[in-house]
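Now for the letters of each chain:
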Amino acid sequence: MNPNPTTTTFMLSSPSEPHQHLELESVREVPDSHAWPALDDHPTVYEPVPVVDLAGPDASVAHLARVCESWGAFQVTGHGIRSDLLERLESETRRLFALPMDQKLKAARPSNGISGYGLARISCFFSKLMWSEGFTISGSPLDHALKLWPDANPSRFCDVMQECSDEMKQVAGRVVRLMLLSMGLTPEEMKRAEEGTRVDQLSAVLQLNSYPPCPDPNRAMGLAAHTDSSLVTLLFQSGTSGLQLLRRQDQHGPARWVTVPPRPGALIVLAGDLLQILTNGRYKSVAHRAVVNRNHHRVSVAYICGPPPHHKLSPVGKPASPAPCLAYRAVSWADYLGLKAELFDKALASIMVAEDSRGDEGICC
Ligand SMILES: C=C1C[C@]23C[C@@]1(O)CC[C@H]2[C@@]12CCC[C@@](C)(C(=O)O1)[C@H]2[C@@H]3C(=O)O
Ligand SMILES: O=C(O)CCC(=O)C(=O)O
Ligand SMILES: [Fe+2]
């Protein structure tokens with residue numbers, strides 16, 4: 001799948017690209033560096049995005065199987081994360097992005113690193129820059145917080161990020177388990193699927209995103225279409241919409257963008273590439289993007305979660321139909337991230353096992 005026809009393998013000419021670290025909030029006109037030629041690659045339509053109440057009967061495995069197969073995403077309520085914690089998550093995220101650019105750049109993500117402040121990582125695959133800033137937290141955010149707020153107590157930021165990660169881990173663990181139960185696996189397959197995916201084993205990064213108001217939202221892109229590499233991503237979006245899911249009725253049907261309206265207290269679950277691999281193509285990862293708007297400064301926080309980085313995940317269950325024999329070779333998250341950084345939307349295809357060469361690692365059908 002190519003989630004966006006404007007994708008090229010264009011690399012930014014140099015790290016000192018003049019508009020790379022624009023103070024987007026003070027820009028009055030979208031510069032050419034940020035003007036996207038084709039935002040309307042598919043129509044944007046209204047469709048109600050499914051809601052799964054983890055505390056209610058919606059959390060039935062039959063319902064979940066249908067939702068995962070047909071959407072790869074849903075809103076989750078009844079997750080137990082207190083609304084005041086989510087409010088603090090939003091306000092700490094806003095406080096970070098409101099810092100002056102030179103302060104944020106003190107916590108810049110190193111070119112070969114995971115954590116820190118910077119442009120969307122996928123920027124290198126596109127010829128235009130995105131109307132957003134990101135901050136990735138992997139492990140403790142303390143070192144970064146000390147650089148961002150050298151004169152203040154960093155615990156306010158760190159505590160909220162840590163508490164949210166801990167809570168989101170519990171929710172992600174429940175969601176992954178329900179998804180696996182919904183596949184109707186044999187006890188042996190279920191045991192194999194749970195290796196590396198149990199709640200106590202999950203690992204994650206927290207991705208904070210900021211989308212300042214944009215003077216010409218029809219020409220700018222907040223975050224270009226992509227799938228996450230995770231098993232599942234839990235996304236918190238502030239009261240402003242912007243997240244869109246790429247949806248098809250069936251494999252060959254026309255694609256359209258569906259906006260996920262903010263729903264107070266809800267989190268959004270997005271199926272990632274590792275879930276597609278683990279479920280042998282049955283629960284596909286969902287392509288999504290973030291669009292911007294003229295008046296509101298939107299923020300979002302993604303809890304991008306998967307197995308321990310070096311745990312090798314291999315597919316379980318029957319290959320997805322109608323595709324005859326989708327199967328992937330076993331892969332660790334760490335190795336898959338390497339493929340994704342190199343191949344972007346071709347990473348999944350690169351680990352498909354050809355039908356005639358299925359051996360120990362692939363699933364025979
Ligand atoms: C663990 C990771 C997943 C991620 C790449 C990363 O190393 C850290 C940031 C993650 C993120 C967040 C925004 C979208 C995304 C595609 C990206 O470019 O960086 C994801 C990556 C991913 O899921 O592959
Ligand atoms: O901001 C959003 O709604 C999407 C964010 C996202 O896709 C990500 O962080 O991976
Ligand atoms: Fe994403």
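Residues numbered from 1 in each chain as written. Chains lettered and ligands numbered in written order. Predicted model: local features only at pLDDT ≥ 70, side-chain atom pairs only at ≥ 80, totals over all residues. Heavy atoms only, no water.

If you look the protein up in an unreviewed UniProt entry, it shows as gibberellin 3beta-dioxygenase from Musa troglodytarum. For the record of the protein, the UniProt heading Sequence similarities (unreviewed entry) holds the text "Belongs to the iron/ascorbate-dependent oxidoreductase family." What the UniProt record of the protein gives under Cofactor (unreviewed entry) is the line "L-ascorbate". (UniProt positions renumbered as here; feature names shortened; annotations may be inferred.)

### Comments concerning the site of ligand 1
In the vicinity of ligand 1, the residues found are Arg121, Ile122, Thr136, Val205, Gln207, His226, Asp228, Ser229, Ile304, Trp333 and Leu337. Between an oxygen atom of ligand 1 and a side-chain N or O atom of arginine 121, the distance comes to 3.5 Å. Between ligand 1 and serine 229, the relevant distance is 2.8 Å, taken from an oxygen atom to a main-chain nitrogen or oxygen of the residue. Coverage of ligand 1 by the protein amounts to 92% of the 460 Å² it exposes when considered alone. Listing elements by their share of the shell around ligand 1, those giving two or more residues are strand 6 (203-211) and helix 8 (333-343). Per-class residue counts for the shell around ligand 1 are five nonpolar, four polar and two charged. (Near = heavy atom within 4 Å. Polar contact = N/O pair within 3.5 Å; in protein donor to acceptor, adjacent residues only side chain to side chain. Areas by Shrake-Rupley, 256 points an atom, 1.4 Å probe, with all protein chains shown as cover. Helix = DSSP H or I, 4+ residues; strand = E, 2+ residues; numbered from the N terminus. Nonpolar A, V, L, I, M, F, W, Y, C, P; charged D, E, K, R; others polar.)

### Considerations on the coordination of the iron ion (ligand 3)
Ligation of the iron ion (ligand 3) by protein atoms is provided by His226 (NE2), Asp228 (OD) and His288 (NE2), these donors lying 2.1 to 2.3 Å from the ion. Of note, the donors binding the iron ion (ligand 3) are all from one chain and are spaced H-x1-D-x59-H. Placement of the pair is aspartate 228 in the loop between strand 7 (223-226) and strand 8 (232-237) and histidine 288 in strand 12 (residues 288-290), with a sequence separation of 60 residues. (Donors = N, O, S within 2.8 Å, 3.2 Å for Na, K, Ca; no water.)

### Structural notes on the side chain of serine 165
Tracing the sequence through the fold places serine 165 in helix 5 (residues 155-181). Looking at serine 165, its side chain comes within polar contact range of the main-chain oxygen of methionine 161, at 2.9 Å. Apart from residues lying up to four places away in sequence, serine 165 is in contact with Leu206 and Tyr303. (Contact = heavy atoms within 4.5 Å.)

### What to know about the pattern of salt bridges
Any two side chains of opposite charge can pair, on the condition that their charged atoms come close. Tallied over the full model, the rule gives 16 salt bridges. Its salt-bridge partner being glutamate 90, residue arginine 94 comes within 3.0 Å of it at the nearest N-O pair. With a gap of four residues between them, arginine 94 and glutamate 90 both fall in helix 2 (residues 83-97), about one helical turn apart. The class for arginine 94 is partly exposed, based on a relative accessible area of 28%. For glutamate 133, the salt bridge identified is with lysine 104, shortest N-O distance 2.6 Å. Highlighted residues: glutamate 133 in strand 5 (residues 133-137) and lysine 104 in helix 3 (residues 101-105), separated in sequence by 29 residues. With relative accessibility at 9%, the residue glutamate 133 sits in the buried group. Look at lysine 104 and you get buried, because its relative accessible area is 2%. (Salt bridge = Lys/Arg side-chain N within 4 Å of Asp/Glu carboxyl O. Buried < 20%, exposed > 50% of the residue type's maximum accessible area, 1.4 Å probe, protein only.)

### As for the nonpolar core
Ranked by size, the top nonpolar core spans 83 residues in total, and within it Phe74, Phe135, Phe157, Met179 and Leu208 carry the most contacts. Top contributing element to this core by residue count: helix 5, with 13 residues. If we skip the residues at most four places from it in the chain, methionine 179 touches Leu64, Cys68, Phe74, Val232, Val269, Leu275 and Tyr283. (Core = buried A, V, L, I, M, F, W, Y, C linked by side-chain atoms within 4.5 Å.)

### So, the site of ligand 2
Close to ligand 2 lie 13 residues; Asn209, Tyr211, His288, Arg298 and Ser300 are nearest. For ligand 2, an oxygen atom lies 3.2 Å from a polar atom in the side chain of histidine 226. At 2.7 Å, a side-chain N or O of serine 300 approaches an oxygen atom of ligand 2. If ligand 2 stood free it would expose 300 Å²; the protein chains cover 97% of that surface.

### Concerning the pairing of strand 6
Within strand 6, eight of the nine residues are buried, leaving the element largely enclosed by the surrounding structure. Relative to strand 6, strand 5 is paired through five bridges, and the arrangement is antiparallel. Paired with isoleucine 137 across the strands is leucine 206, a residue of strand 6. Across nine bridges, the pairing between strand 6 and strand 13 (residues 298-306) is antiparallel. Pairing of leucine 206 across the sheet is with tyrosine 303, part of strand 13. (Pairing = 2+ DSSP bridges.)

### Re helix 6 (residues 187-194)
Buried residues of helix 6: Met190, Ala193 and Glu194, and no others. Here the buried residues of helix 6 occupy an arc of 95° about the axis, which is enough to place them on one side. Turned more than 90 degrees away from the buried face of helix 6 sit Glu188 and Lys191, all of them exposed. Tucked inside the fold, the buried residues of helix 6 contact helix 5 and helix 7 (273-278). Just beyond helix 6, the residue with positive phi is glycine 196, at close to 85°. (Arc of directions from axis to C-beta.)

### Some remarks on helix 8
Buried within helix 8 are the following residues: Trp333, Tyr336, Leu339 and Lys340. The buried residues of helix 8 all sit within an arc of 115° when viewed along its axis, so they share a single face. Counted as exposed and oriented over 90 degrees from the buried face of helix 8: Ala341 and Glu342. In this structure, the buried side of helix 8 is in contact with strand 6, helix 7, strand 13, strand 15 (331-332) and helix 9 (347-350).

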